[in-house]
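What follows is each chain in one-letter form.
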Amino acid sequence: MPTMTRAQLFVSCLVDLFRPRAGIAAVQVLERRDIELEVPPGQTCCGQFAYNAGHHREAAAMGRQFVRAFEASGANGSPADPLPLIALSGSCAAMVKIEMPELLERDALRQGRTSATAARWRRRAETLAGRVVEFSEWLDGHDSLTPFDVASPEPAASESLQVVCHTGCHMRRLLGVTEPPLRALRRAGVEPLELIDADQCCGFGGSFGLIEPDISAAMTDAKLAHLATARSEGATCLVSADLGCLMQLGGRLSRRGDQFPTLHLAELVDLADQGRLTAAEIERAAHGQGGNA
Amino acid sequence: MPGVLPPATAPWPERRRRALADPTMRAAVAKTTRNLAQGKASAYASYPPGEAMRVRAVTARRSALAHIDALLEELTGNVEAHGGYVVRAAGPADVGRYVLDIARRRGAERVVKSKSMATEEIALNEQLEAAGLRVRETDLGEYIIQLARERPSHILAPAAHKTRGQIEALFEREAARTGVTPPTCDATPELTAFARRQLREEFLAADVGITGGNFLVAETGTLVLITNEGNGRMTTSLPPVHIAVVGIDKVVATWADLAVLLQQAPLSGTGQLISTYTSFITGPRRPGELDGPEEFHLVLLDNGRHELLGTEYEDVLTCIRCGACLNVCPVFRTIGGQAYGSIYSGPIGVVLTPLLGGLDHAPELPKSACAMCHACRDACPMEIELPRYILKLRRTEIEKSMEPLTVRLTFELWGRLWASPAGYRWTARLARLGQRAFMRKGRLTKAPGLVGGWTATRDSPPVAKETFHEWWRRRKPGSLT
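Residues numbered from 1 in each chain as written. Chains lettered and ligands numbered in written order. Predicted model: local features only at pLDDT ≥ 70, side-chain atom pairs only at ≥ 80, totals over all residues. Heavy atoms only, no water.

**Description of the domain arrangement of chain A**
All names here are of chain A.
Here is step 1: Segmentation of chain A into domains returns domain 1 (5–138) and domain 2 (148–286).
Here is step 2: Averaged C-alpha coordinates put domain 1 and domain 2 at centres separated by 24 Å.
Here is step 3: Roughly 2300 Å² of surface becomes buried between domain 1 and domain 2 when both sides are summed, with 65% attributable to carbon and sulfur atoms.
Here is step 4: For the pair domain 1 and domain 2, the number of links is 5 salt bridges.
Here is step 5: Between Arg-33 and Asp-273 there is a salt bridge, with the nearest N and O atoms lying 2.9 Å from each other.
Here is step 6: Where domain 1 packs against domain 2, one counts 12 residue pairs in polar contact (both at pLDDT 80 or more).
Here is step 7: When residues of the side of domain 1 that touches domain 2 are traced back to their parent elements, those giving at least two are helix H1 (13–18), helix H2 (20–32), helix H3 (48–53), helix H5 (90–110) and helix H7 (135–142).
Here is step 8: Looking at the side of domain 1 that touches domain 2, its residues break down into 14 nonpolar, 7 polar and 8 charged. (Domains from an automatic or database assignment. Buried area = accessible area lost by both parts, 1.4 Å probe. Salt bridge = Lys/Arg side-chain N within 4 Å of Asp/Glu carboxyl O. Polar contact = N/O pair within 3.5 Å; in protein donor to acceptor, adjacent residues only side chain to side chain. Helix = DSSP H or I, 4+ residues; strand = E, 2+ residues; numbered from the N terminus. Nonpolar A, V, L, I, M, F, W, Y, C, P; charged D, E, K, R; others polar.)

**What about the interface of chain A and chain B?**
Here is step 1: Across the boundary between the two partners, chain A contributes 66 residues, which contact 65 residues of chain B.
Here is step 2: Of the roughly 5600 Å² buried at the junction of chain A and chain B (both faces included), carbon and sulfur atoms supply 61%.
Here is step 3: Summed over the three residues of chain A that lose the most area to chain B, namely Leu-17, His-55 and Arg-255 of chain A, the buried surface amounts to 11% of that side.
Here is step 4: The interface formed by chain A and chain B holds 7 salt bridges in total.
Here is step 5: Residue Arg-475 of chain B pairs with Glu-31 of chain A through a salt bridge whose shortest N-O separation is 2.6 Å.
Here is step 6: The interface formed by chain A and chain B holds 30 residue pairs in polar contact (both at pLDDT 80 or more) in total.
Here is step 7: Take the side of chain A that touches chain B: its biggest share by element is 8 residues, from helix H11 (residues 213–232) of chain A. (Contact = heavy atoms within 4.5 Å.)

**Comments concerning the sheet that holds strand E1 (residues 5–10) of chain A**
All names here are of chain A.
Here is step 1: An order of E2-E1-E5-E6 is seen for the 4 strands of this open sheet, with the pairing classed as parallel. The two strands at the open ends of the sheet, each matched to only one other strand, are strand E2 (35–38) and strand E6 (132–134). Strand-to-strand twist of the sheet, defined as the mean angle between neighbouring strand axes without regard to direction, takes the value 40°.
Here is step 2: Pairing geometry for E1 and E2, over 4 bridges, is parallel. Pairing of Thr-5 across the sheet is with Ile-35, part of E2.
Here is step 3: Of the strands in this sheet, E1, strand E5 (85–87) and E6 are in contact with H5, which crosses E6 at around 160°. (Pairing = 2+ DSSP bridges. Axes fitted to C-alpha atoms, helices over the stretch in contact; angles between N-to-C directions.)

Structure follows, in structure tokens:
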């Protein structure tokens, strides 16, 4: 029995408010791998939406709260052994890892703070940035700690399942994480499929998707056309490690009267852990009828 | 001095509507861009030196900008030493005046042009036509667009949105107008043969040839033109006068710098190792030479470029107009180039249009024509930070209060509330109460304010009955401090 490792969970506002069962699934998955999780209760939003909309004053206000929240309840660990901060969204992870240090420093200067204070905000954000690990990336590095098939040695029913995996733009291009979600799916015993033009945006694009609903939907429809091809070849669901993309794709499907299942990667891994990876269970999980919630 | 760009042809909602309602154009643009993007990827993959040269090319371009004034002076001296004329033009009117002066002096009536973004930028054709000159575009795509009286839909492929059938119809009309035999069908060889016959007459009759320029080599005063159709050669060698209108940003110091740059545009733009025609033009025809124009004029166009030097946007001037950013942009693939309302479209257009033409030119571009996907940053061979530039432009527009008051207030209120856990939880509770009025079959199908933009085309799950944090607190009592 390996020793318990601690980690903090960065749920993201979208998972917290709109798809808590993805967060709950992530908790189950991580605890099964002997992680002692802390969920800093003060976390709200990383500020990415406001940041990419150009509203940096607001983004910085949320960013400072983010830093306070994750410093407060967990401490940072030691420099040699930093406490992992596991993110359930690739694009939010990119926000914290890549944009936040510069943002908080700049905003402190804008507020008229001293350069020492501004530099302190930058350092605090950098320390946090160094701890952030995207969920699939974390699984990739740690699934060897415990045997993957915790509950079921051979999930026979899932052997032939094909799953479409959509990797969000920021996860792909800013974090450079593209293989870990595919490997997580393979370890779960399913065959990951990538769509034609997989690297094209799903259409969400943060504020863009709200300002330009018609262009946004047209972009999504192009993606859904490729999804239709994958479905005709046997894909059973659409998985992503970014809830923003999932809400866009799922929301458009729903508007078109299509109930094709969409799952956060954590939900799929959770089902696989329990040996429940069947088309029927995926259907139930996607529509919020099964599982733990 | 800031520059001037041709005004948008219609307001944004109208341009957007037209684009989304044109499935033929959208399919053609999507297909062209995907082919070009794949061509780029396989070109670099099959040509290993390309990447190392690209890295050196970035350095060459940035270094040229750092020494631009000295290089332009060196260039000018060398062009003049070869018997050419060099003039600096601040903006569109300067170029128009200069070209018309030459035309008048020469008694010129007919002008042929090879494809040039610089002359599109200053609406040179319109200026010359207004003065009574007859201007003919000779790049096949530009010729088609000129006959259709449209603007290019793609920097590299101006007529990418036109089908062969549409082109045949345009050519039939032109054949009737000029009294020649029309194309017999819409097969590509037949269409190009028609254009070739027509354009051959134009070349032979032209008094002035106008080109742009891909690069300018300071150390020898050489204009570099890359084309795929050979029309550039005709334009620069048949008419007695050649005028090249080139942005000041196109200057490079040496042939060694040019050597690493020359392949980058074809590699990144069309996936070719090198363009079909690469022309090096150093001055007019010299005594004893058989070809070339009697006069060679180089018009160095500023139009807002010099003002960008030394600013955080300086690197945008390293753009080589390869179009790689257009080809990977999901928004461009969806709406095509004409919707941008600027001669520069795609990500580079979102950046260059306000930087050259002013923020008021097409203020919607930064927020409406970018999904912040960062694909353009990866595609740009010159490593221009396009997404960061677009984000900076969004910020600048907000700082200048160019967005609706309601939007600003929404963000301010939201920022204040979500900066504290109590405010965040309060909005969750409020949304749960408020959303009941907007739900159908367990989904949110309508919403007020900004979120209404979401529900216009997509459903959303409602805010959960129990949020994750509420679940966690229930599961681990006392964990919420």
